[in-house]
Amino acid sequence: MSAQLFHFLFPEVCIVCGKLLMPGEQGCCSGCKEDFEAFPDSRAASHALMHSIQLHFSKGYGLFSQVACRYRYYRHRPLQKVLHAMKYEGMYTLGLAFGRELGTWIRDVIPPESIDCLVPVPLHRLKLVERSFNQAEKIAEGIAEIYMKPVRGDLLERCRYTLTQTGLPVAARRKNLDDAFRTSAESIPERILLVDDVVTTGATVVAAAETLKRAGAISITAAAIALTAKE
Ligand SMILES: [Zn+2]
């Protein structure tokens with residue numbers, strides 16, 4: 001049974017283990033959430049994410065003022081199951097909950113007063129039709145509740161229907177994203193927090209940040225729920 005149908009039939013149980021949820025728990029119980037691999041602190045997380053982007057993209061140096069994330073992402077672990085349910089099975093409330101948690105966690109490395117707006121990494125409109133919502137936009141909305149800053153989903157557009165990045169080597173990921181984005185606004189705020197769900201090599205956030213900078217953004221910070229771990 002799909003997680004979406006399961007959740008629809010049994011909204012009060014954990015997607016991962018099927019136990020009843022306690023008040024305040026969303027989608028996943030606190031026991032399973034303890035199995036998510038959280039970074040020990042937000043600075044260690046930022047350091048790991050920046051290191052990973054710079055490892056894959058030498059021009060990552062200087063492109064981002066700061067980056068932040070919350071978890072390490074491994075295949076076949078509870079976090080993957082929950083993020084999969086959020087992304088492919090329509091559970092957008094999980095995106096909001098992850099966003100609120102991420103917003104609280106990253107405040108000390110990306111202070112709200114250091115940004116003007118949040119920009120979710122967009123989906124191509126055909127993918128948006130397929131999935132019905134953009135998971136990065138829901139995460140951005142959750143962060144925005146903490147940051148009290150606007151979410152500008154109108155600033156960046158995905159103009160090519162890119163093949164999935166999963167399984168592609170770094171060079172192919174980069175090529176897959178050449179000219180993938182364009183800006184659709186006449187003026188771009190100076191300080192942007194770019195939001196995505198999972199960063200693997202950083203190809204997507206690098207391509208999106210380059211597009212925003214070419215359009216006039218001065219400072220780009222990036223935040224994601226998780227950084228894919230080497231396995
Ligand atoms: Zn559970």
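Keep in mind that what you see is a predicted model, and the values were worked out from it rather than measured. (Residues numbered from 1 in each chain as written. Predicted model: local features only at pLDDT ≥ 70, side-chain atom pairs only at ≥ 80, totals over all residues. Heavy atoms only, no water.)

Let's shift gears to the overall build of the chain. Across its full length, the chain carries 9 helices and 7 strands. Considering the chain as a whole, with its 231 residues, one finds that 52% of them fall into the buried category. Within the chain, residue pairs in contact and separated by at least 24 positions form 74% of the contacts whose partners lie at least 6 positions apart. As presented, the chain carries roughly 11100 Å² of accessible surface, and 54% of it is formed by carbon and sulfur atoms. (Helix = DSSP H or I, 4+ residues; strand = E, 2+ residues; numbered from the N terminus. Buried < 20%, exposed > 50% of the residue type's maximum accessible area, 1.4 Å probe, protein only. Contact = heavy atoms within 4.5 Å. Areas by Shrake-Rupley, 256 points an atom, 1.4 Å probe, with all protein chains shown as cover.)

Another aspect to go through is helix α7 (residues 135-147). Helix length check: α7, at 13 residues, gives a terminal C-alpha distance of 18 Å against a target of 18 Å (1.5 Å per residue), a fit within 8%. Each element contacted by the buried residues of α7 is listed here: α4 (78-88), α5 (92-106), β3 (117-120), α6 (125-131), β6 (191-199) and β7 (219-228). Its side-chain oxygen at 2.9 Å from the backbone nitrogen of alanine 136, asparagine 134 defines the N-terminal cap of α7. Looking at the residues trailing α7, positive phi occurs at methionine 148, about 55°. (Expected span 1.5 Å × (residues − 1). Polar contact = N/O pair within 3.5 Å; in protein donor to acceptor, adjacent residues only side chain to side chain.)

Attention shifts here to the pattern of salt bridges. Summed over the entire model, instances satisfying the criterion amount to 9 salt bridges. The partner of glutamate 101 in a salt bridge is arginine 70, with the nearest N and O atoms 3.0 Å apart. With glutamate 101 in helix α5 and arginine 70 in strand β2 (residues 66-73), the pair connects residues that are 31 residues apart, well separated along the chain. Here glutamate 101 falls in the buried class, since its relative accessible area comes to 18%. Ionic contacts of the salt-bridge type, sharing partners, join the residues Lys33, Arg70 and Glu101 into one network. (Salt bridge = Lys/Arg side-chain N within 4 Å of Asp/Glu carboxyl O.)

This part covers the nonpolar core. One finds Phe64, Phe98, Ile106, Ile192, Leu193 and Leu194 to be the most contacted residues of the largest nonpolar core, which totals 70 residues. Residue contacts for leucine 193: discarding those within four places in its chain leaves Ile106, Ile110, Ile115, Cys117, Leu118, Val119, Ile143, Tyr147, Thr221, Ala222 and Ala223. (Core = buried A, V, L, I, M, F, W, Y, C linked by side-chain atoms within 4.5 Å.)

Right, let's talk about the state of the cysteines for a bit. Simply put, the disulfide is a covalent bond whose two ends are the sulfur atoms of two cysteines. The full count for this structure, using the stated rule, is 0 disulfides. Counting only cysteine sulfurs, cysteine 14 is the nearest neighbor of cysteine 28, a cysteine outside any disulfide, at a range of 4.4 Å. Take cysteine 28: its relative accessible area is 6%, and that puts it in the buried class. (Disulfide = S-S within 2.5 Å.)

Let us now look at the coordination of the zinc ion. Protein coordination of the zinc ion is provided by Cys14 (SG), Cys17 (SG), Cys29 (SG) and Cys32 (SG), with donor distances spanning 2.3 to 2.4 Å. The site at the zinc ion holds 4 donor atoms, and with the angles between them running 105 to 117°, its shape is tetrahedral. Along the chain, the residues donating to the zinc ion fall in the pattern C-x2-C-x11-C-x2-C. Here cysteine 14 is found in the loop between α1 (3-9) and α2 (30-33), whereas its partner cysteine 29 is found in the loop between α1 and α2, with 15 residues between them in sequence. Pair check on accessibility: cysteine 14 and cysteine 29 agree, each one buried. (Donors = N, O, S within 2.8 Å, 3.2 Å for Na, K, Ca; no water. Tetrahedral: all angles 85-135°; square planar, octahedral: opposite > 155°, others 65-115°.)

All right, on to the confidence of the model for the chain then. The pLDDT averaged across the chain works out to 87; a share of 87% of its residues lies at or above 70. Element-level mean pLDDT values for the chain span from 60 in α1 up to 98 in β3. (pLDDT = per-residue confidence, 0-100.)

Over its 15 residues, helix α3 (residues 42-56) extends 22 Å from the first C-alpha to the last, a length consistent with the 21 Å expected when each residue adds 1.5 Å. For α3, the full list of buried residues reads Ser42, Ala45, Ser46, Ala48, Leu49, Met50, Ser52, Ile53 and Gln54. Check the buried side of α3 and you find it contacts β2, α5, β6, α9 (203-214) and β7. The N-cap of α3, judged by a side-chain oxygen 3.0 Å from the amide nitrogen of arginine 43 a few residues on, is aspartate 41.

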